[in-house]
Amino acid sequence: AGFIKSPLSQKRLAQDSVELHCEAIGNPIPEIQWWFEGNDPNETYAQLWDGARQDRVKINATYNLHSTSTIYIANLTSDDSGMYECRASNDPDRNHLSKSPKVKWIRSQANVFVIERPDIKTELKITSDKVTLTCNMSGAPSAIEGHEWKHGDKTLHTDTDPEALTSYTIDGKKEEHSGVYECVYKTTPVIKGQVNISVAPQVVAYKKSEHGNEGDTGVLVCKSPSFPLVSEWTWNKNGQRVSTPIINGSGRYIIKSSGNKTELRILKLSIEEDMGDYHCNATNAEGSGGAVVNLRVRSRLAALWPFLGIVAEVLVLVTIIFIYEKRRKPDEVLD
């Protein structure tokens, strides 16, 4: 027995992907093949293999107790519309080309419809204290049953309006709400549009003031939660008169930057050389921004000063008591 576990009829948008699953049970364990027949009346079934259609087709199969196979097609086009057939057989002559076609294949089918992607016009309106996002779709594939506005995994708004025009307003400055926002149309299939709020990097230091012990490794961290991602991070140190750029790998400096985070490590901290202000600067397509981290380096003996102070106080107190006892006249003893 063989069957397709995925829905037998699926609608997909152009440039999206589709995945079909098939299982077959038998003894011995049957082989699974994938075949395709397009919507053209003159087109016949053709076998699909891993890497077909300019490597857009991926097929994974496992044969353990029973057979399972998955076909995945990426970047769909209208030519991918048609009937997909999963065939399973455990006949030993199933792939023998010279014998008459007496082999029986168990078959299961699923129809895939690839729909041209509708046009969505987006608009971003910015004022001093508000940001308004708008999507307007033309050519919906089915009736619109509502909308959602999303930011990452968070749903910001949902409704059941059937209109092609939908808007969402954010209170605050755009610098506080940068990122990728999605307008989701509840249609079949679901249609998504994208509105970006782009700003120059809003850089913040993980700690505005860092402390380190002499001889240890100092770690300074800066982040930028803004969109788009930072394309370049740089570090500088302020001297008495000039700002000195820090080069990764030079001297005792190691810089690690990835996306919206950068980290400066200073090996073997020195009181004389490393104390001061460090500037982390970020650049993206919208501009640049920066932050300052102040580094203080303590002597290795710094932790001993409280203990030494207590010892000194005890010694002074003992000395005072000793001197007082020495100078005090002895009491007269009455006969």
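What you are looking at is a predicted structure, and each value in this text was computed from that prediction instead of being measured. Along each chain, the written sequence defines residue order, and numbers are assigned to residues from 1. Given that this is a predicted model, residues contribute local features only at a pLDDT of at least 70 and side-chain atom pairs are listed and counted only at 80 or more, while totals for whole chains, interfaces and linings are drawn from all residues. No hydrogens and no water enter the side-chain calculation; it runs on all heavy atoms of the structure.

Note on pairing: DSSP must find at least two bridges between two strands before they are called paired. In DSSP terms, a helix is any run of H or I states spanning at least four residues, a strand is any run of E spanning at least two, and both are numbered starting from the N terminus. Strand order in the open sheet made by the 5 strands is E18-E25-E24-E20-E21, with mixed pairing throughout. Edge positions in the open sheet fall to strand E18 (209–213) and strand E21 (243–246), since each of these has one partner strand only. Here the strands of the sheet are splayed against their neighbours by 30 degrees on average, with no regard to which way each runs. Inspection of the sheet shows strand E24 (residues 276–284) paired to strand E25 (residues 287–298) by 9 bridges, in the antiparallel sense. Each residue of the ladder has a partner; that of Thr283, found in E25, is Ser288. For helices, the fitted line uses only the C-alpha atoms of the stretch in contact; every axis is such a line through C-alpha atoms, and the angle between N-to-C directions lies from 0 to 180 degrees.

Glancing now at the nonpolar core. Among buried residues, those of type Ala, Val, Leu, Ile, Met, Phe, Trp, Tyr and Cys that are joined through side-chain atoms within 4.5 Å constitute a nonpolar core. Burial here depends on accessible area, computed with a 1.4 Å probe over protein chains only, as a share of the maximum for the residue type. Under 20% is buried, over 50% is exposed, and the range in between is partly exposed. Residues Ile32, Trp34, Ile71, Ile73 and Tyr84 are the most contacted members of the largest nonpolar core, which totals 21 residues. Listing elements by their share of this core, those giving two or more residues are strand E3 (18–24), strand E4 (31–38), strand E6 (57–64), strand E7 (66–73), strand E8 (82–89) and strand E9 (106–115). Sort the elements by how many residues they give to this core and E3 lands first, with 4 residues. Cys222, Ile266, Leu269 and Tyr278 belong to the second-largest nonpolar core, a separate cluster that totals 20 residues.

Right, let's talk about the sheet that holds strand E11 (residues 130–138) for a bit. Here we have 3 strands laid out as an open sheet, ordered E10-E11-E14, and antiparallel in their pairing. The sheet terminates laterally at strand E10 (119–126) and strand E14 (165–171), the two strands that pair on one side only. Taking the axes of each pair of neighbouring strands and ignoring which way they run, one obtains an average angle of 15 degrees across the sheet. Where E10 meets E11, 8 bridges bridge the pair, whose relative direction is antiparallel. The residue bridging Leu124 from the neighbouring strand is Leu133, located in E11.

With that out of the way, let us pick up the state of the cysteines. For the purposes of this analysis, a disulfide is any pair of cysteine sulfur atoms at a distance within 2.5 Å. Taken as a whole, this structure holds 3 disulfides when the rule is applied. One disulfide in the model links Cys22 with Cys86; its S-S distance is 1.8 Å. For the disulfide bridge between Cys22 and Cys86, the dihedral angle about the S-S bond is near -60 degrees, and by the sign convention the bridge is left-handed. Of the two residues, Cys22 is situated in strand E3 and Cys86 in strand E8; the sequence distance between them amounts to 64 residues. By sequence-ordered numbering of the bonded cysteines, the protein has its disulfides arranged as 1-2, 3-4, 5-6.

Further remarks concern the domain arrangement of the protein. Parsing the protein into structural domains produces domain 1 (2–115), domain 2 (120–197) and domain 3 (204–298). Segment limits for the domains were obtained from an automatic or database-derived domain assignment. If you average the C-alpha positions of domain 1 and of domain 3, the two centres end up 55 Å apart.

According to UniProt, the positions carrying the feature "domain: Ig-like" (unreviewed entry) are residues 16–104, 118–198 and 201–298. Between the end C-alpha atoms of residues 118–198 there is a gap of 25 Å, over a span that is 0% helix and 60% strand. UniProt positions are given in the numbering used here, feature names are shortened, and annotations may be inferred rather than shown by experiment.

On to the pairing of strand E16 (residues 191–197). Of the two faces of E16, only one is covered, namely that formed by Ile191, Gly193, Val195 and Ile197; the face formed by Lys192, Gln194 and Asn196 stays uncovered. Across 7 bridges, strand E15 (residues 179–185) lies against E16 in antiparallel orientation. If you follow Tyr181 over to E16, its bridge partner there is Val195. Once E15 ends, the chain turns through 5 residues before running back antiparallel as E16.

Now for the packing of aromatic side chains. Any two of the Phe, Tyr and Trp rings considered here, Trp counted by its six-membered ring, make a pair once their centres fall within 6.5 Å; the pair's planes then place it as stacked at under 30 degrees, edge-to-face at over 60, or tilted in between. Under the defined criterion, the tally for this structure stands at 2 aromatic pairs. An angle of 50 degrees between the planes, with centres 4.7 Å apart, marks the rings of Phe36 and Tyr84 as tilted. Here Phe36 is found in strand E4, whereas its partner Tyr84 is found in strand E8, with 48 residues between them in sequence. Of the two residues examined, Phe36 and Tyr84, each falls in the buried class. Measuring from ring centre to ring centre gives 6.2 Å for Trp149 and Tyr168, while their planes differ by 25 degrees; the resulting arrangement is stacked. Residue Trp149 is found in strand E12 (residues 147–151), and its partner Tyr168 is found in strand E14; the two are separated by 19 residues along the sequence. Exposure remark for Tyr168: the relative accessible area of 19% places this residue in the buried category. Positioned above the aromatic ring of Phe36 is the side chain of Arg53, whose terminal nitrogen or guanidinium carbon lies 4.4 Å from the ring centre. The ring of Trp35 carries the charged tip of Arg87 above its face, separated from the ring centre by 4.0 Å. Placement of a charge over a ring requires the Lys NZ or Arg CZ to be within 6 Å of the ring centre, with the centre-to-atom vector within 35 degrees of the ring normal.

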